[in-house]
Amino acid sequence: MSFFPESNRTWQIIHDAAKRNYAVGGYCVQVLKSASSCYNTDGVLAVIRAAERCRSSALIQVFPWTLHFHGPPFIQYIASAAHSASVPISVHLDHCLKPEDAKLALECAFDSIMVDGSMFDEEGNIEYVKNIVEKGRDKGITIEAELGRMEGGEDGLPNIEGSLLTDPHLAKEFVEKTGVHFLAPSFGNVHGPYPSGGAEKWWQLDRLVLQLEAIYKSLGSHTPLVLHGTHPCSEEMLRVGIENGMRKVNQNRTVRKKYMEFLAGESKSLELTQLQERGVQIYSEEIEAMMVVLGSAGKA
Ligand SMILES: [Zn+2]
């Protein structure tokens, strides 16, 4: 029998990736506001089917928006579907900005929560994260946090202007003070679509490698790193990130694009059942291709 955090599903998935040198995708299954409620499960099904087909672990992610729009029963459904899969899949809340959302999330069926304290100053961030880590421990929920601040916004999150790069020297102190399990560094990555110049300009691979090396020096493999802001970035950039310790790679729009185009193009001509069946198939094929890129395919 294992104890927390080793007993936690997200912890097991991410540490297996760390041990075997690949990355696992955190797939955001944002619910379409403009569509019928029948679509709400498409992303969930697409992740599970892709993961089972190519024997990959995965994280299914939702935003606080989902939590409010659908409420805890929807999270229960995702957890029940994810945990019944034939490969390890966990359920994760991305970017929990508000303490009241974290309080609600701790009562839901999440395996892990990303606590985003980027709106607070350094001390406030530590305080916020530490508090949720302690509460999460009682519930068996692991915590991811961001150090520094990433620019941009997506899917119900406020738009942040002006990034603050993660200071590698502060990483160890932050992890020790908060007890956080996974760390998302800010290195020029941006949420939502990249501004002009794309990820190539904003990431600056040379700087990223130096920064990740410095973070690894201070943290070792104890605290796996999480990559945010991947829409879009090249396979080569993902490879560099994974080689330098990124173990969870968040995916949102990139793997959903073809599915969205299919819905937009076919929604008037197809029956809803056909639209869903073919939509989930297209969505899951994109996710499967990403699992191959991240190296998680064939590992579960
Ligand atoms: Zn993010």
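Residues numbered from 1 in each chain as written. Predicted model: local features only at pLDDT ≥ 70, side-chain atom pairs only at ≥ 80, totals over all residues. Heavy atoms only, no water.

- The protein has the name Fructose-bisphosphate aldolase in an unreviewed UniProt entry, where Clohesyomyces aquaticus is given as its organism.
- Quoted verbatim from the Catalytic activity (unreviewed entry) field of the UniProt record, the comment on the protein reads "beta-D-fructose 1,6-bisphosphate = D-glyceraldehyde 3-phosphate + dihydroxyacetone phosphate".
- As stated in UniProt under Sequence similarities (unreviewed entry), the record for the protein gives "Belongs to the class II fructose-bisphosphate aldolase family." (UniProt positions renumbered as here; feature names shortened; annotations may be inferred.)

## Here's the deal with a negative patch on the surface
And step 1. A cluster of like negative charges, contributed by Asp 121, Glu 122, Glu 123, Glu 127 and Asp 167, occupies part of the molecular surface.
And step 2. Within the element layout of this structure, Asp 121 appears in the loop between strand 4 (112-115) and helix 6 (122-139). (Patch = residues over 30% accessible without salt bridge, like charges linked within 9 Å, V, L, I, M, F, W, Y side chains within 5 Å. Areas by Shrake-Rupley, 256 points an atom, 1.4 Å probe, with all protein chains shown as cover. Salt bridge = Lys/Arg side-chain N within 4 Å of Asp/Glu carboxyl O. Lys, Arg positive; Asp, Glu negative; His and termini not counted. Charge placed at Lys NZ, Arg CZ, Asp CG, Glu CD. Helix = DSSP H or I, 4+ residues; strand = E, 2+ residues; numbered from the N terminus.)

## A look at the environment of Ala 85
And step 1. With respect to the element layout, Ala 85 can be found in the loop between helix 4 (72-83) and strand 3 (89-96).
And step 2. Assessed through its relative accessible area of 15%, Ala 85 is described here as buried.
And step 3. As a C-alpha pair, Ala 85 and Ala 51 span 34 residues in sequence and 8.7 Å in three-dimensional space.
And step 4. Here Ala 85 is in contact with Ile 48 and Glu 52, once residues within four sequence places are set aside. (Buried < 20%, exposed > 50% of the residue type's maximum accessible area, 1.4 Å probe, protein only. Contact = heavy atoms within 4.5 Å.)

## Quick notes on unusual backbone geometry
And step 1. Of note, the amide linkage connecting Phe 4 to Pro 5 takes the cis form, showing an omega dihedral of 5°.
And step 2. Relative to the helices and strands, Pro 5 resides in the segment before helix 1 (9-19).
And step 3. Along the chain, His 231 connects to Pro 232 via a cis peptide bond; the corresponding omega equals -20°.
And step 4. Position of Pro 232 among the secondary structure elements: in the loop between strand 9 (225-227) and helix 10 (235-243).
And step 5. A positive phi is found at Arg 55, a non-glycine position, where the angle reads about 50°.
And step 6. Following the sequence through the fold, Arg 55 ends up in the loop between helix 2 (42-53) and strand 2 (58-62).
And step 7. Of note, the phi angle at Gln 204 is positive, near 55°, even though the residue is not glycine.
And step 8. Relative to the assigned elements, Gln 204 resides in the loop between helix 8 (198-203) and helix 9 (205-219).

## Considering the coordination of the zinc ion
And step 1. Around the zinc ion, the donor atoms from the protein are His 95 (NE2), His 191 (NE2) and His 228 (ND1), and they sit 2.0 Å away.
And step 2. In primary sequence terms, the donor set of the zinc ion follows H-x95-H-x36-H. Here His 95, found in strand 3, pairs with His 191, found in strand 8 (residues 190-191); they are 96 residues apart in sequence, far enough to count as distant.
And step 3. For His 191, a relative accessible area of 6% puts it in the buried group. (Donors = N, O, S within 2.8 Å, 3.2 Å for Na, K, Ca; no water.)

## Focus on the packing of helix 2 against helix 12 (residues 272-294)
And step 1. As a packed pair, helix 2 and helix 12 sit with axes 8 Å apart at the nearest point and diverge in direction by 50°. As judged from the angle between their axes, helix 2 and helix 12 are oblique. The handedness of the crossing between helix 2 and helix 12 is right-handed. Where helix 2 abuts helix 12, its residues Asp 42, Gly 43, Leu 45, Ala 46, Val 47, Arg 49, Ala 50, Ala 51 and Arg 53 lie against Gln 276, Val 280, Gln 281, Tyr 283, Ser 284, Glu 285, Ile 287, Glu 288 and Met 291.
And step 2. Of the residues that constitute the contact of helix 2 with helix 12, the class distribution is nine nonpolar, four polar and five charged. (Axes fitted to C-alpha atoms, helices over the stretch in contact; angles between N-to-C directions. Parallel < 35°, antiparallel > 145°, perpendicular 65-115°, else oblique. Left-handed = near helix turned anticlockwise from the far one by under 90°. Nonpolar A, V, L, I, M, F, W, Y, C, P; charged D, E, K, R; others polar.)

## Digging into helix 2
Given 3.6 residues per turn, any residue in an α-helix points the same way as the ones three and four places further on.
And step 1. Given a rise of 1.5 Å per residue, twelve residues ought to cover 16 Å, and the 16 Å separating the end C-alpha atoms of helix 2 matches this to within 8%.
And step 2. Among the residues of helix 2, Asp 42, Gly 43, Val 44, Ala 46, Val 47, Ile 48, Ala 50 and Ala 51 are the ones counted as buried.
And step 3. Where helix 2 is buried, its residues meet strand 1 (24-28), strand 2, helix 4, strand 3, helix 11 (257-266) and helix 12.
And step 4. Phi for Arg 55, located one or two positions after helix 2, is positive at around 50°. (Expected span 1.5 Å × (residues − 1).)

## Some thoughts on the UniProt feature "binding site: Zn(2+) 1" (unreviewed entry) in the protein
And step 1. Mapped onto the present numbering, the UniProt feature "binding site: Zn(2+) 1" (unreviewed entry) falls on His 95, His 191 and His 228. In three dimensions, the annotated residues from a span of 134 residues occupy one location, with a maximal C-alpha spread of 11.1 Å.
And step 2. Side-chain polar atoms of His 191 contact the side chain of His 95, separated by 3.0 Å.
And step 3. Within the element layout of this structure, His 228 appears in the loop between strand 9 and helix 10.
And step 4. By relative accessible area, His 228 is classed as buried at 1%.
And step 5. Residues contacting His 228, with those up to four places away along its chain left out, are Asp 94, His 95, Met 114, Glu 144, Met 150, Ala 184, Asn 189, His 191 and Asn 250.
And step 6. A polar side-chain atom of His 228 sits 2.7 Å from a polar atom in the side chain of Glu 144. (Polar contact = N/O pair within 3.5 Å; in protein donor to acceptor, adjacent residues only side chain to side chain.)

## Quick word on the side chain of Gln 211
And step 1. One can find Gln 211 in helix 9.
And step 2. A distance of 2.9 Å separates a polar side-chain atom of Gln 211 from the backbone oxygen of Thr 166.
And step 3. For Gln 211, the contacting residues outside a window of four places in its chain are Leu 165, Thr 166, Pro 168, Ser 186 and Phe 187.

## Observations concerning helix 9
And step 1. Helix length check: helix 9, at 15 residues, gives a terminal C-alpha distance of 20 Å against a target of 21 Å (1.5 Å per residue), a fit within 8%.
And step 2. Every buried residue belonging to helix 9 is among Leu 208, Gln 211, Leu 212, Ile 215, Ser 218 and Leu 219, and all of these are buried. The buried side chains of helix 9 occupy one side of the element, clustering within an arc of 125° when seen end-on. Opposite the buried face of helix 9, at more than 90 degrees from it, the exposed residues are Asp 206, Leu 210 and Lys 217.
And step 3. On the buried face of helix 9, the contacting elements are helix 7 (168-178), strand 7 (182-185), helix 8, strand 9, helix 10 and strand 10 (246-251). (Arc of directions from axis to C-beta.)

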